[in-house]
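Observations on chain architecture
Listed below are the residues making up each chain.
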Amino acid sequence: LNKLEYGRYLKEVVEILESDPEFKQRIENASLDDIKTGNIAEHLSLVQHHVRTQLDEAKQREMARLKDLVGQKVRRLNEKQRMALSRADPNGKLMQEFLPQHIDHGNSETFGQLDLERLIRHASKDLDELDRKRAEQFKEYEMRKEYQRRQKNSKLSSGERKRLEDLHREALEKKKKHPKVNHPGSVDQMEEVWEKVDHLETDQFAPKTFFQLHDIDGDGFLSEAELEAIMLKEAEKVHDGAPEADLVEKQEEMDRMREHVMKEFDKDNDRMLSLEEFVRGLNGTGAKNEQGWKSIEDNTVFSDQEFQQFSEHMNPVSTAIPSDQTPSPASLQQPHVEPEAAAQPPPAVQVPPQGQPSQQEQVHISRALPAADNP
């Protein structure tokens, strides 16, 4: 939720609504479609008076924040843009693009059904879009890394190229032979964290105590970041100490595990786990450890066609994939620039500088590095 500009407001509204037992029960019994479309907002009239008061106060604070935010945006406009905005239809596209749409601007004092509908719909759409963009950026990161590896090898002699290809395939096979990974969200996984991270006795595992230990901010929920930290131990089994270890791939592994657990446990689709959801999820059929886990190493990140299109966009030399080589392994060797390369004349085809990640890679790297420090 912290990735959303209005994430704090969303979290506050969810916590207030879930403090009302009857509305909380309505959410838990609602279908995923009713939640994502905002239809659950029809039951807002059922919440207790003091809960409505808290919602009103939360909206007033959000309106004050948005007033400052919009004021800053207006001050950055030139005269022509300001004139266009002043003449714009209040319900038109320009105004909708300018004003945040997760709130009902027509009523600045009270939190109503339209507020909840808008908040749920926009949060669902925006969070799904963030996950989609992350997956696309990771795919591009992997294709770029493979492209750079092949570009480097294309400059070598056939004998040296074959030797490096053999070493590369051998490294990929070694990475697949990692220790067994517990199914994310299974009791076995949580017990291993309890024992090896929390340093407690396995036979004394208690879900409620575990939940409280990992609810770092003590707000009564496991956030996506807190849940992701629990996944760190499993991701380390796949990526730490492996040949060609990659922090970006390790972060993506944790992201995928976190997404999986949220999908299985988060019944009200608020991107946070309550204690009840956590305990119910551990006891559910979807969290059985015998299901195992397919890591990035076991999945195809990109297809032959996608890589070919990417290569053409980069204007490469021939990058045809050998028939005996896996086309899109998740963890490929990051190319290394030899010092003497700088003294050589530039090749006919311009290749992105080695060792300088693209903007997408920088996004992943900046997110990957602090993950291990957020248990």
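Starting afresh in each chain, residues are numbered from 1 along the sequence in its written order. With the structure being a predicted model, the display of local features is reserved for residues of pLDDT at least 70 and the display and counting of side-chain atom pairs for 80 or more, all residues being used for whole-chain, interface and lining totals. Note: side-chain values were computed over all heavy atoms of the structure, leaving out hydrogens and water.

Note on conventions: DSSP H or I runs of at least 4 residues are helices, E runs of at least 2 residues are strands, and numbering of each starts at the N terminus. The helix and strand inventory of the protein chain stands at 16 helices and 2 strands. Classification of residues uses two cut-offs on accessible area relative to the type maximum, computed with a 1.4 Å probe and protein chains only: under 20% is buried, over 50% is exposed, and between them is partly exposed. Evaluated residue by residue, the protein chain yields a buried proportion of 43% over its 375 residues. Whether two residues are in contact is decided by their heavy atoms, any of which lying within 4.5 Å being enough. Restricting the contact set of the protein chain to residue pairs at least 6 apart, pairs at least 24 apart contribute 73%. Areas reported as accessible are Shrake-Rupley estimates using a 1.4 Å probe. Residue values count occlusion only from the protein chains shown. Of the roughly 20,000 Å² of accessible surface on the protein chain, a fraction of 50% belongs to carbon and sulfur atoms.

Moving on: the packing of helix H1 (residues 7-18) against helix H7 (residues 113-154). Only the stretch in contact is used when a helix axis is fitted, and all axes are lines through C-alpha atoms; the angle between N-to-C directions ranges over 0 to 180 degrees. Running from N to C, H1 and H7 point in directions that differ by 120 degrees, and their axes come no closer than 11 Å. Classified by the angle their axes make, H1 and H7 are oblique. The crossing of H1 and H7 is left-handed. Note on element contacts: H7 touches H1 through Leu 116, Leu 119 and Ala 123, opposite Tyr 9, Leu 10, Val 13 and Leu 17. Just so you know the grouping, Ala, Val, Leu, Ile, Met, Phe, Trp, Tyr, Cys and Pro go in nonpolar, Asp, Glu, Lys and Arg go in charged, and all remaining residues, Gly too, go in polar. Along the lines of polarity and charge, the residues of the contact of H1 with H7 split into 7 nonpolar, no polar and no charged. Orientation categories follow fixed angle ranges, with anything under 35 degrees roughly parallel, anything over 145 roughly antiparallel, 65 to 115 roughly perpendicular, and all other angles oblique. By definition, turning the near helix anticlockwise from the far helix through less than a right angle yields a left-handed crossing, and turning it clockwise yields a right-handed one.

The next thing to look at is the UniProt feature "domain: EF-hand" (unreviewed entry) in the protein chain. Per the UniProt annotation, the sites labelled "domain: EF-hand" (unreviewed entry) are residues 202-237 and 253-288. End C-alpha atoms of residues 202-237 are separated by 19 Å, and the span's content is 58% helix alongside 6% strand. UniProt positions are given in the numbering used here, feature names are shortened, and annotations may be inferred rather than shown by experiment.

Following the UniProt record, the feature "coiled-coil region" (unreviewed entry) maps to residues 113-140 here. Secondary structure across residues 113-140 comprises 100% helix and 0% strand; the distance between its end C-alpha atoms is 41 Å.

A word on the pattern of salt bridges. Salt bridge, as applied in this entry: a Lys or Arg side-chain nitrogen positioned within 4 Å of an Asp or Glu carboxyl oxygen. Here the structure, examined in full by the defined rule, presents 37 salt bridges. Residue Asp 128 is joined to Arg 271 by a salt bridge in which the shortest nitrogen-to-oxygen separation is 3.0 Å. Taken together, the positions of Asp 128 in helix H7 and Arg 271 in the loop between helix H13 (247-265) and strand E2 (273-274) put the pair 143 residues apart, joining distant regions of the chain. Residue classification places Asp 128 among the partly exposed positions, given a relative accessible area of 34%. Through salt bridges with shared partners, a single ionic network connects Asp 128, Asp 131, Arg 134, Glu 224, Glu 228, Glu 252, Asp 255, Arg 256, Arg 258, Glu 259 and Arg 271.

The next thing to look at is H13. Expected helix span is computed as 1.5 Å times (number of residues minus one). Taking 1.5 Å per residue as the helical rise, H13 with its 19 residues ought to reach 27 Å, and the 27 Å between its terminal C-alpha atoms agrees with that figure. Under the rule applied, a polar contact is a pair of N or O atoms within 3.5 Å (in protein, one hydrogen donor and one hydrogen acceptor; residues adjacent in sequence only if both atoms are side-chain atoms). Where H13 begins, the side chain of Asp 246 points an oxygen toward the backbone nitrogen of Val 248, at a separation of 2.8 Å.

Turning to the packing of aromatic side chains, a few remarks are in order. Only the six-membered ring of Trp is used, alongside the rings of Phe and Tyr, when aromatic pairs are assigned; centres must lie within 6.5 Å, and planes under 30 degrees apart are stacked while those over 60 apart are edge-to-face, with the rest tilted. Overall, the coordinates contain 8 aromatic pairs when judged by the stated rule. Between Phe 302 and Phe 307 the ring centres are 5.7 Å apart and the planes differ by 20 degrees, which places this aromatic pair in the stacked class. Each member of the pair, Phe 302 together with Phe 307, is buried. Among the aromatic residues, ring-to-ring pairing joins Trp 194, Phe 205, Phe 210, Phe 211, Phe 265 and Phe 278 into one connected group. Taking NZ or CZ as reference, Lys 73 lies 4.7 Å from the ring centre of Phe 98, over its face. Two conditions define a charge located above a ring, namely a distance within 6 Å from the ring centre to NZ of Lys or CZ of Arg, and an angle within 35 degrees of the ring normal.

On to the side chain of Asp 215. In this structure, Asp 215 sits in the loop between helix H10 (207-214) and strand E1 (221-222). Note on charges: Lys and Arg go in the positive column, Asp and Glu in the negative column, and His and the chain ends are not counted at all. One buried charged residue, Asp 215, remains without a salt bridge, the closest side chain of opposite sign being Lys 11 at 6.9 Å. Setting aside anything within four residues of it in sequence, one finds Asp 215 in contact with Gly 220, Phe 221, Leu 222 and Glu 226.

A few words on helix H8 (residues 158-176). The terminal C-alpha atoms of H8, which comprises 19 residues, lie 27 Å apart, in line with the 27 Å expected from a rise of 1.5 Å per residue. Residues Glu 165, His 168, Ala 171, Leu 172 and Lys 175 constitute the buried set of H8. Summarising the axial view, the buried residues of H8 lie within an arc of 125 degrees, below the 170-degree limit, and thus occupy one face. Those residues of H8 that are buried lie in contact with H7 and H13. This arc is built from the directions going out from the helix axis to the C-beta atoms.

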